[in-house]
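Given next are the chains, with one letter for each unit.
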Amino acid sequence: MNTHSNARRLVYLDHSATTPVRAEVLAAMLPYFADKFGNPSSIHSWGREARVAVDAAREQIASAIGANPQEIIFTSGGTEADNLAIRGVAQSLKDKGNHLITSQIEHHAVLNTFQDLAKQGFKVTYVPCDEYGMIDPDDVRKAITDETILISIMHGQNEVGTIQPVEEIGKIARERNIIFHSDAVQSLGKIPVNVDAMGVDLLTISSHKIYGPKGVGALYVRKGTKIKPQVTGGIHERRLRAGTENVPGIVGFGEACRLAQQEMPEESKRLRELRDRLINGILNTIPDTVLNGHPEKRLPHNANISVKYVEGEAILLNLDLFGIGASSGSACTSGSLEPSHVLLAMKIPHETAHGSLRMTLGRSNTKEDIDYVLEVLPPIVEKLRAMSVFGN
Ligand SMILES: *Cc1c(COP(=O)(O)O)cnc(C)c1O
């Protein structure tokens with residue numbers, strides 16, 4: 001990577017975009033590519049060996065979220081799980097009602113799925129959030145009509161890290177007998193995720209955000225919840241998701257879940273301390289910086305800071321020269337100069353939203369990494385502000 005011309009170390013601070021596969025996970029996966037290559041649907045010993053591995057992973061994942069193994073449906077990732085949940089409910093319950101509720105700050109996998117359903121004739125209410133990126137359960141309650149068949153509100157927000165009051169929303173959904181889905185891709189492995197405590201009927205999780213491989217995820221489907229499959233074919237995954245299972249991927253996801261669960265108390269505490277060192281370091285040394293997202297109710301690994309009078313993209317490019325990988329808004333929106341829909345929903349002024357910087361910490365990060373960022377960032381901002389057309 002010869003583009004890091006000024007780098008004295010490499011600091012990856014984009015763990016909400018993806019994480020590396022950890023060594024234990026890779027080791028668990030390797031036998032299932034060539035040695036143990038069987039199709040879990042086959043009845044011979046090769047098939048049974050693969051089936052046993054898939055079932056063991058299903059148990060590991062179910063145990064991490066307080067579910068029964070039969071309630072776990074493997075998919076190709078978080079995006080597909082979101083699609084299966086939302087389209088699956090809309091199509092299965094369309095005779096009961098045509099109103100759907102979600103929020104303005106969902107991941108694009110959720111938001112664009114609802115936008116597509118709106119084009120197909122469903123009515124969609126997008127509940128707002130406050131200046132901290134927090135959704136008010138009362139707004140969800142008020143949005144409910146006799147036609148409402150689905151509520152989908154995420155758990156940990158991927159850009160600003162705000163943890164949503166899903167338990168309260170779950171209660172409201174249950175009282176009104178409405179299906180409740182939550183995207184927990186960012187919260188899994190960082191804070192407790194329990195399907196009963198959250199009161200969800202459907203829950204999305206993904207492997208590559210927790211040190212597992214890319215291209216595998218799961219939808220939790222509470223027993224008795226009716227959803228229409230979106231991929232048709234064989235009878236895999238309780239007929240809800242056809243296709244030969246991604247056995248190595250599923251095995252890796254299971255192991256990643258087990259390790260995340262085991263290490264969460266200690267690792268989340270460590271990340272929270274590093275995150276606060278980073279946030280406080282920036283706010284205290286660089287003038288005109290503000291924290292985006294909730295100051296306390298936030299994911300332990302998320303720091304999102306707006307640097308006024310500069311473009312977030314410009315900071316990112318300069319940080320990259322120093323070997324630091326961060327993001328502005330979400331990975332999907334960087335590259336376009338539209339401010340993130342999340343910061344706009346939080347009513348953050350355009351000029352502040354444009355200077356937003358998301359740094360998401362993970363297992364590899366140390367105190368030295370954070371101190372390096374705190375050393376490198378202030379002169380970058382100073383240089384950019386001196387060149388800025390905004391003035392200061
Ligand atoms: C990453 C992410 C997804 C998408 O998951 P993939 O496995 O990459 O498809 C969905 N929702 C949230 C909140 C995410 O952070």
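Just above, that's the structure.
Described below are features of the structure shown in this document.

Thresholds, definitions, all that
Residues numbered from 1 in each chain as written. Predicted model: local features only at pLDDT ≥ 70, side-chain atom pairs only at ≥ 80, totals over all residues. Heavy atoms only, no water. Salt bridge = Lys/Arg side-chain N within 4 Å of Asp/Glu carboxyl O. Helix = DSSP H or I, 4+ residues; strand = E, 2+ residues; numbered from the N terminus. Buried < 20%, exposed > 50% of the residue type's maximum accessible area, 1.4 Å probe, protein only. Axes fitted to C-alpha atoms, helices over the stretch in contact; angles between N-to-C directions. Left-handed = near helix turned anticlockwise from the far one by under 90°. Contact = heavy atoms within 4.5 Å. Nonpolar A, V, L, I, M, F, W, Y, C, P; charged D, E, K, R; others polar. Pairing = 2+ DSSP bridges.

**Overview of the pattern of salt bridges**
Evaluated as defined, the whole model comprises 22 salt bridges. With a closest N to O distance of 3.5 Å, Glu273 and Lys269 form a salt bridge. Here Glu273 pairs with Lys269, and both are found in helix H8 (residues 247-285), just 4 residues apart, close to one helical turn. Two residues, Asp276 and Arg275, come together in a salt bridge whose shortest N-O distance is 3.0 Å. For Asp276, a relative accessible area of 30% puts it in the partly exposed group. Connected through salt bridges with shared partners, the residues Arg51, Asp55, Arg58, Glu237 and Glu245 form a single ionic network.

**Brief notes about the packing of helix H2 (residues 45-65) against H8**
Orientation of H2 relative to H8, taken along the N-to-C sense of each, is 30°, at an axis distance of 8 Å. Both H2 and H8 take part in a crossing whose hand is left-handed. Taking contact as the criterion, the partners of Ala50, Ala53, Val54, Ala57, Gln60, Ile61 and Ala64 in H2 are, on H8, Val247, Ile250, Val251, Phe253, Gly254, Glu255, Cys257, Arg258 and Gln261. Class assignment for the residues of the contact of H2 with H8 results in 11 nonpolar, 3 polar and 2 charged.

**Things to note about the sheet that holds strand S7 (residues 202-206)**
Strand order in the open sheet formed by 7 strands is S2-S8-S7-S6-S5-S3-S4, and the pairing between neighbours is mixed. The open sheet has two edge strands with one neighbour each: strand S2 (72-75) and strand S4 (123-127). Taken over all neighbouring pairs, the strand axes of this sheet differ in orientation by 20° on average, direction set aside. Those strands touched by helix H4 (residues 108-119) are strand S3 (99-103), S4, strand S5 (148-152) and strand S6 (179-183), and its axis lies near 155° from that of S3. Docked against the sheet, helix H6 (residues 166-175) engages S5 and S6, running at close to 160° with respect to S6.

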